[in-house]
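# Overview (structure and organization)
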Amino acid sequence: MNFKKIGKAALTGFFAAVLAAGLVGCGKDSADGAKSADGKKIITVAHTNYYVPYDYVNEQGESDGFEVAVMKEVAKKLPQYEFKFVPTSNDDLLIGVESGKYNVGTKGIWITEARKKKYVFPKNNIGASVIGLVIRKDTANEIKDLPSFAKFSGKLVPIAPQDARYMVIENFNKEHPDNPIKLVSSENFQNADAYSWVMEGRYDAYLEVELSYKNNIVKEDAAYHQFDDKLSYIRYKGIETYPIFNRNEQKFADEYDKAIEELRTEGKIAELELKYFGESLSDYLK
């Protein structure tokens, strides 16, 4: 994948998020019912300001990224609305969509049962992310995929039950009852701990989103780049990502679904995947 540098863009995004939060806070608490000058309903699309290449603010101070680009194409399909893109923090996005401050939010989100109770999920995903195993390089000859990891030891760094990754391993174990991975629940911890535990042999793998691994380990300026010569990554599968809609936005979610279906048929989604990722992540969903 070709990931853009965050650098100045992250700083720009931070100030943009602060400004956006301030502007929204000074106005109405809800985006529901807001109208443009020509009477169109304003759709406020919140997105994270740092998650390159999914959702971020570029060096020109503009909302950018694969999912943002897809939502901008959706906007062209729905001229009855005026779309307003607001870069913000992860927490503000989640709370804001739930409360109605934002109509919709996008940040590489997976579906979970807990999230379905808070938000409307559309039928059609917006994109995909790749998940896989972080392992020690000295075990790479024996661990090639999840089944071979389960056979090797199955000693996986614990996962919080509310984490969507927990469900990934649960599903794998249901499909491989004779060769399961040892799924242990735990509260959240620092990434550095997980990487260290794998290197020390306490565990033999850590289930990680590939983008996070690249940003945390592979990039030369990554926070844990010192682990790069000892760790390796094995892709497992693609996980569908979705925008989340406020509970009152079922009609808009249905209209999004129709627009996405058209964009996928027209080849626009595939075009944007190639632009932002250098490949089709949707292929990993098959």
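Residues numbered from 1 in each chain as written. Predicted model: local features only at pLDDT ≥ 70, side-chain atom pairs only at ≥ 80, totals over all residues. Heavy atoms only, no water.

Before going further, it helps to spend a moment on the layout of surface pockets. Taken as a whole, the largest pocket holds about 1100 Å³ of empty space. Lining the largest pocket are 31 residues, and of these Lys-107, Arg-115, Asp-163, Arg-165 and Ser-212 lie nearest its centre. Contributing elements (two or more residues each) for the lining of the largest pocket: β2 (50-51), α3 (90-99), β6 (104-109), α4 (113-116), α6 (164-175), β8 (206-209) and α8 (210-218). Class assignment of the residues belonging to the lining of the largest pocket gives a composition of 14 nonpolar, 11 polar and 6 charged. A domain split of the lining of the largest pocket shows at least three residues from each of domain 1 (41-128 + 240-280) and domain 2 (129-239). Its volume calculated, the second largest pocket comes out at about 280 Å³. As for the second largest pocket, its lining consists of 15 residues, of which Met-167, Val-168, Asn-171, Lys-237 and Ile-239 are closest to the centre. Contributions of two or more residues to the lining of the second largest pocket are made by α6 and β9 (231-245). The biggest single contributor to the lining of the second largest pocket is β9, with 6 residues. The residue makeup of the lining of the second largest pocket, split by class, is 8 nonpolar, 3 polar and 4 charged. (1 Å grid on protein atoms, 1.4 Å probe; cavity = no way out; pocket = protein on both sides within 12 Å on 5 of 7 lines; lining within 4 Å. Points joined across faces, edges and corners; volume = space filled by probe spheres on them. Helix = DSSP H or I, 4+ residues; strand = E, 2+ residues; numbered from the N terminus. Nonpolar A, V, L, I, M, F, W, Y, C, P; charged D, E, K, R; others polar. Domains from an automatic or database assignment.)

Here we come to the pattern of salt bridges. A full pass over the atoms with the stated rule returns 14 salt bridges. Two residues, Asp-204 and Arg-136, come together in a salt bridge whose shortest N-O distance is 2.8 Å. Taken together, the positions of Asp-204 in the loop between α7 (191-200) and β8 and Arg-136 in strand β7 (residues 127-136) put the pair 68 residues apart, joining distant regions of the chain. Glu-255 serves as the salt-bridge partner of Lys-251, at 3.0 Å between the closest nitrogen and oxygen. Residue Lys-251 and its partner Glu-255 are both found in helix α9 (residues 250-266); the two are separated by 4 residues, about one turn of the helix. Given a relative accessible area of 57%, Lys-251 falls into the exposed group. You can call Glu-255 buried: its relative accessible area is 17%. (Salt bridge = Lys/Arg side-chain N within 4 Å of Asp/Glu carboxyl O. Buried < 20%, exposed > 50% of the residue type's maximum accessible area, 1.4 Å probe, protein only.)

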